[in-house]
Protein chains: 2
Amino acid sequence: MERSSGMQNNGGCFSRGCGWIKSLPERSKAKIVECARKIKKLGQDDPRRVNHSVKVGLAITLVSLFYYFEPLYDGFGDSAMWAVMTVVVVFEFSVGATLGRGLNRGLATFLAGALGFGAHRLATLSGEKGEPMLLGLFVFLLATTVTFVRFFPRMKARYDYGLLIFILTFCLISVSGYRDDEVLDMAHKRVSTILIGGLTAVLVCICICPVWAGDDLHNLAATNIEKLGIFLEHFGVEFFRKPGEGESINKASLQGYKSVLNSKNMEESLVNFARWEPGHGQFKFRHPWKHYLKFGSLTRQCAYRVEALNGYLNSDIKTPPEIQGMIQDSCTKMSSELGKALKELALAIKRMTPPSSASSHLVKSKNAAKNLKFLLYSDLCSGINLLEVVPAVTVTSLLFEVISCTEKIAEAIHELASLAQFENVEQERPKLPEQGEMQQGANMDVHHHVVTIDQPPPVKPQNGSLSSSTTS
Amino acid sequence: MERSSGMQNNGGCFSRGCGWIKSLPERSKAKIVECARKIKKLGQDDPRRVNHSVKVGLAITLVSLFYYFEPLYDGFGDSAMWAVMTVVVVFEFSVGATLGRGLNRGLATFLAGALGFGAHRLATLSGEKGEPMLLGLFVFLLATTVTFVRFFPRMKARYDYGLLIFILTFCLISVSGYRDDEVLDMAHKRVSTILIGGLTAVLVCICICPVWAGDDLHNLAATNIEKLGIFLEHFGVEFFRKPGEGESINKASLQGYKSVLNSKNMEESLVNFARWEPGHGQFKFRHPWKHYLKFGSLTRQCAYRVEALNGYLNSDIKTPPEIQGMIQDSCTKMSSELGKALKELALAIKRMTPPSSASSHLVKSKNAAKNLKFLLYSDLCSGINLLEVVPAVTVTSLLFEVISCTEKIAEAIHELASLAQFENVEQERPKLPEQGEMQQGANMDVHHHVVTIDQPPPVKPQNGSLSSSTTS
């Protein structure tokens, strides 16, 4: 009995095994197809990735020519491998990142090489027994100190890699010197091969389809504002739409703003990279890159409000008809004009022109807000059930907040336009009311608001080099 | 005239120069004091930074002993520098990060060394002229492919460094092999010195005051929830406080939640590091680290609402007394109980116990919400000016949203407690109503809500190893 069950078991295992092996080609095929699809998608999402990969392959192949050609190899010998290493570790996706790493590596190697040579010389003075002890002490002190310096946020942001290489080179030069007397020759070879490797990486990175971190940052700023605009443009209609009524807009396009909420780290690293980049395209050297952080922060402030608004899109509480009738038009207008204003602001950033047409939408949106406030203030409601008006009132209030956020964004873009000397920046621009005017004291002066489209003296760009104080 | 003005100028320059030189010591002193203050603060903020720096110095000094002792040096020769290099680049702040880098580097070096050796052998078969061309082709293809693979988000998160080292080692071994016939010896030395360096780094990192990324992640999750709790605990009182009335709470402590808004990247990298760590302290190997991402996302959802609430703290619009009288008690209660619930949840995470006491606060907060809804629903207001109730209604509505967020957080913590087998997890826990019940359909069943404290069957932890499906 036992044996037959064992045989059955074996038979079961065997047939399962056979099935598994038979299904292997199919499953492998499915996996390969899935993998190919992923690779294709990755390449299609950003074709620059394929370019970058080919560029890295090319730069490494170029620099490994050192080994293949006798005359080149004779000069450097085994040190040629530092050139290959440098290309591999320095070559990054964007020009700014590559330049930053290259400069960090080059400068740190040079300084640490010199210091290591000095330490080696000092140690040899202390006799055969004292030398290793003194060297050990130097290495310990330097490594400890520089590792601590890496914790300073400003150092971490820009010079982290350089500090690492500083420790590395100092240790290599000073410690190797204990065994190898030709330490100066070694230091010299290390510095020059690293220069060659770094230069190869930087040249290939800049000359073949360059990817500028500055462009990416600029586009990110514009796209983030645009995503908020798309949400707000459709929010009003969606909020008041009855179920089953009319065409619903594609929900996915409304949710695009979610990526704005977590954009801070990406923005910060792009700013750090962009600051290493030379002038290119529309951007001059010392373009006010740091200003984009201000933008980003304001855009996120707005995105937090939009996220709160999003929570009311599918609210089950129905607004009573008399209240809906009172606020629907103004709310929809306010939201859609805000959306248009934000989209215009995004376009202005993309085109690098002052955002003049955005102001008119902003003014319209603020007029709608004022009308609404007037209605809410003067139409004393009777017999209303406060619970039923909760979502509508909340949405209205959040929209008022979004208006004040959008004003701040517009102000920051005007500032950028003047700092970076966008075209036509000297044109007149409608006066933007002071920050928070909408929100604060809204009930005191609700009757006296008059839309002012005065022309203040245009903001004059500074002479000479731009905004050196902001970017330095 | 010109000359005297020139002399005057010179004199001016000279006296200014003298002044500058005289003030130099003072200014230097001020700068040094400022710098020392910064260093002290950096060390005091997190004393583990000082430990880490000393540990790095120690590990490098240890590994450089290879050079000083004849018998050790004879075995490896110049390759000993790979050990020093490995320590410098592998030693990271937390154990998880160091282990991740060490394993990546070790494994990648081993695999790429083998592959490079194979490529070298294959190339030598093709004759003297064919060899460099074939080698160049191999290097180009491998570098291009692996660079592209680095763009896959999952590879980037865990194996980015390994892929970099893979390219590096492959190029070094295969290309150096063209000049140096002892390529096998070289590959072997490189692998073994890297193993020695990596082991030194890992051992020093683990054995001397280890910093566990898992602990940091766990504390971050708790602290973030606590920060939201602190805000909410005081929000109600602050919102209804009349200017000049009573003691104002320290504003800075209220604003602590702002750091939660941008915590995503830090959380993600800590999760990646923690997954490399072995079991330690309260955490077993395969602790459900990935679950913390769910937490984090829910905590941020809550933080976005809190950020919106924060905008109404200094609202200039005064709520009419009759409305304030109606909602103040319930709102304050709702907010402070929410704060207490969140603080209890944070404490439960910190202590790794099931958050049973949080549930009672959550129930109290929900009761307050129900009372408030009932009041808003039944007390039909007459002759009210809607504009004046905007902030109060918005705050109420946002607090309802925060309740539903907090419920989700509590649910996620219960899940974690069962996955990670917190103590007493089998204890009865009050039933948490389904998500969104508060918000959705709130006006339909406002009269029928009964606080249910039924005991559902306790969530049973899985047998054997924990949550392998979640973390693998």
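Rules and cut-offs
Residues numbered from 1 in each chain as written. Chains lettered and ligands numbered in written order. Predicted model: local features only at pLDDT ≥ 70, side-chain atom pairs only at ≥ 80, totals over all residues. Heavy atoms only, no water. Helix = DSSP H or I, 4+ residues; strand = E, 2+ residues; numbered from the N terminus. Buried < 20%, exposed > 50% of the residue type's maximum accessible area, 1.4 Å probe, protein only. Areas by Shrake-Rupley, 256 points an atom, 1.4 Å probe, with all protein chains shown as cover. Least-squares fit on C-alpha atoms with pLDDT ≥ 70 in both. Contact = heavy atoms within 4.5 Å. 1 Å grid on protein atoms, 1.4 Å probe; cavity = no way out; pocket = protein on both sides within 12 Å on 5 of 7 lines; lining within 4 Å. Points joined across faces, edges and corners; volume = space filled by probe spheres on them. Nonpolar A, V, L, I, M, F, W, Y, C, P; charged D, E, K, R; others polar. UniProt positions renumbered as here; feature names shortened; annotations may be inferred. Expected span 1.5 Å × (residues − 1). Salt bridge = Lys/Arg side-chain N within 4 Å of Asp/Glu carboxyl O. pLDDT = per-residue confidence, 0-100. Phe/Tyr/Trp six-rings, centres within 6.5 Å; stacked < 30°, edge-to-face > 60°. Lys NZ or Arg CZ within 6 Å of the ring centre and 35° of its normal. Buried area = accessible area lost by both parts, 1.4 Å probe. Axes fitted to C-alpha atoms, helices over the stretch in contact; angles between N-to-C directions. Parallel < 35°, antiparallel > 145°, perpendicular 65-115°, else oblique. Left-handed = near helix turned anticlockwise from the far one by under 90°. Patch = residues over 30% accessible without salt bridge, like charges linked within 9 Å, V, L, I, M, F, W, Y side chains within 5 Å. Disulfide = S-S within 2.5 Å.

Draft legend 1. Main features of the overall build of chain A. Scanning chain A for helices and strands turns up 18 helices and one strand. Counting over 472 residues, chain A shows a buried share of 52%. As displayed, chain A offers around 21900 Å² of accessible surface, 59% of which is attributable to carbon and sulfur atoms.

Draft legend 2. Representation of the relation of the copies chain A and chain B. Superposing chain A onto chain B takes a rotation of 180° plus a shift of 0.0 Å along the axis, which leaves an RMSD of 0.1 Å. The relationship between the two copies is best expressed as a two-fold rotation axis. Take the interface residues of chain A: 100% of them recur as interface residues in chain B, which is what a same-surface contact looks like.

Draft legend 3. Examining the layout of surface pockets more closely. As a volume, the second largest pocket reaches approximately 710 Å³. As for the second largest pocket, its lining consists of 30 residues, and the residues nearest its centre are Asp78(A), Ser79(A), Met81(A), Asp78(B) and Met81(B). Split into classes, the residues belonging to the lining of the second largest pocket amount to 13 nonpolar, five polar and 12 charged.

Draft legend 4. Summary view of the UniProt feature "transmembrane region" (unreviewed entry) in chain A. Residues and elements named next belong to chain A. The UniProt entry lists residues 50-69, 81-100, 107-127, 133-152, 159-179 and 191-213 under the feature "transmembrane region" (unreviewed entry), expressed in the numbering used here. With 90% helix and 0% strand, residues 107-127 has end C-alpha atoms that lie 32 Å from one another. The straight-line gap between the two end C-alpha atoms of residues 159-179 is 31 Å; of that span, 86% is helix and 0% is strand.

Draft legend 5. Up close: helix 14 (residues 291-310) of chain A. Here helix 14 of chain A contains 20 residues, and its C-alpha end-to-end distance of 29 Å stays within 8% of the 28 Å for a straight helix at 1.5 Å per residue. Most of helix 14 of chain A sits inside the fold, with 16 of its 20 residues counted as buried.

Draft legend 6. Summary view of the pattern of salt bridges. Summed over the entire model, instances satisfying the criterion amount to 40 salt bridges over all chains. Among the salt bridges present, the one from Lys343(A) reaches Glu233(A), with a minimum N-O distance of 2.7 Å. You can see Lys343(A) sitting in helix 15 (residues 321-351) and its partner Glu233(A) sitting in helix 10 (residues 213-240), a full 110 residues away along the chain. A salt bridge links Lys294(B) to Glu415(B), with the nearest nitrogen and oxygen atoms 2.9 Å apart. Pair noted here: Lys294(B) is in helix 14 (residues 291-310) and Glu415(B) is in helix 17 (residues 386-419), with a separation of 121 residues, a long-range link. We classify Glu415(B) as partly exposed; its relative accessible area is 31%. Where salt bridges share partners, they join Lys258(A), Glu307(A), Arg305(B) and Glu401(B) into one cluster.

Draft legend 7. Quick look at unusual backbone geometry. Residues and elements named next belong to chain A. Positive phi, normally seen in glycine, also occurs at Arg-286, with a value near 65°. Examined against the element boundaries, Arg-286 turns out to sit in the loop between helix 13 (264-274) and helix 14. Looking at Arg-286, the relative accessible area reads 34%, which means it is partly exposed. Here the phi dihedral of Met-352 falls at roughly 55°; this positive angle occurs in a residue that is not glycine. Residue position: Met-352 is located in the loop between helix 15 and helix 16 (356-378).

Draft legend 8. Layout of the side chain of Ser336(A). When you line up the elements, Ser336(A) lands in helix 15. Once residues lying within four places of it in the same chain are set aside, the contact partners of Ser336(A) are Leu232(A) and Glu233(A).

Draft legend 9. Geometry of the environment of Val56(B). Structurally, Val56(B) is set in helix 2 (residues 48-63). Remark: the alpha-carbon pair of Val56(B) and Val139(B), spanning 83 residues in sequence, is separated by 34 Å. For Val56(B), the contacting residues outside a window of four places in its chain are Thr147(A) and Phe91(B).

Draft legend 10. Structural context of the confidence of the model for chain A. Residues and elements named next belong to chain A. Counting all residues, the mean pLDDT for chain A is 81, and 84% of those residues have values of 70 or more. In the predicted structure, residues 425-472 sits below a pLDDT of 50 and forms 80 contacts with residues beyond four places in sequence or in another chain. With a pTM of 0.81, the predicted complex shows an ipTM of 0.81.

Draft legend 11. Representation of the packing of aromatic side chains. Evaluation of the coordinates by the stated rule reveals 23 aromatic pairs over all chains. On the basis of an interplanar angle of 90° and a centroid distance of 6.1 Å, the ring pair of Tyr159(A) and Trp276(A) is categorised as edge-to-face. Of this pair, Tyr159(A) sits in helix 8 (residues 153-176) while Trp276(A) is found in the loop between helix 13 and helix 14, placing the two residues 117 residues apart along the sequence. Clustering of aromatic rings is evident, with ring pairs tying together Phe231(A), Phe235(A), Phe239(A), Phe240(A) and Tyr257(A). Positioned over the ring face of Trp82(A) is Arg190(A), at 4.3 Å from the centre of the ring. The lysine or arginine in question, Arg158(B), covers the ring of Trp276(B), its NZ or CZ lying 4.3 Å from the ring centre.

Draft legend 12. Fine view of the interface of chain A and chain B. Taken together, the contact pairs 87 residues of chain A with 88 residues of chain B. The largest share of the area that chain A buries against chain B comes from Tyr68(A), Arg179(A) and Leu386(A), three residues that together contribute 9% of it. On the surface where chain A and chain B come into contact, there are two salt bridges. Ionic pairing is found between Arg305(B) and Glu307(A), a salt bridge with its closest N-O pair at 3.5 Å. Among the residues making up the side of chain A that touches chain B, the classes are represented as 52 nonpolar, 23 polar and 12 charged.

Draft legend 13. Examining the side chain of Glu337(A) more closely. Residues and elements named next belong to chain A. You can see Glu-337 is positioned in helix 15. Residue Glu-337 is classed as buried on the basis of its relative accessible area, which comes to 4%. If we ignore the near neighbours within four places in the chain, the residues touching Glu-337 are His-361, Lys-364 and Ser-365.

Draft legend 14. Spotlight on the packing of helix 10 (residues 213-240) of chain B against helix 15 (residues 321-351) of chain B. Residue and element names in this part refer to chain B. Where helix 10 contacts helix 15, the axes come no closer than 8 Å and their chain directions differ by 165°. Viewed along their axes, helix 10 and helix 15 adopt a mutual orientation that is roughly antiparallel. The way helix 10 lies across helix 15 gives a crossing that is left-handed. Of the residues contributing to the contact of helix 10 with helix 15, the split by class is 15 nonpolar, nine polar and five charged.

Draft legend 15. Quick peek at a nonpolar patch on the surface. Residue and element names in this part refer to chain A. There is a patch of nonpolar side chains on the surface, built from Leu-58, Leu-62, Leu-65, Phe-69, Leu-72 and Ile-208 and spanning about 470 Å² of accessible area. Mapping Ile-208 onto the fold places it in the loop between helix 9 (183-207) and helix 10. By relative accessible area, which is 32% here, Ile-208 ends up partly exposed.

Draft legend 16. Looking closely at the state of the cysteines. Going through the model one piece at a time under the given rule, you end up with zero disulfides over all chains. Cysteine Cys171(B) remains unbridged, with the sulfur of Cys205(A) as its closest cysteine sulfur at 17 Å. A residue is classified by how much of its surface remains accessible, and Cys171(B), at 1% relative accessible area, is buried. As a non-bridged cysteine, Cys205(B) has Cys207(B) as the owner of its nearest cysteine sulfur, 9.4 Å distant.

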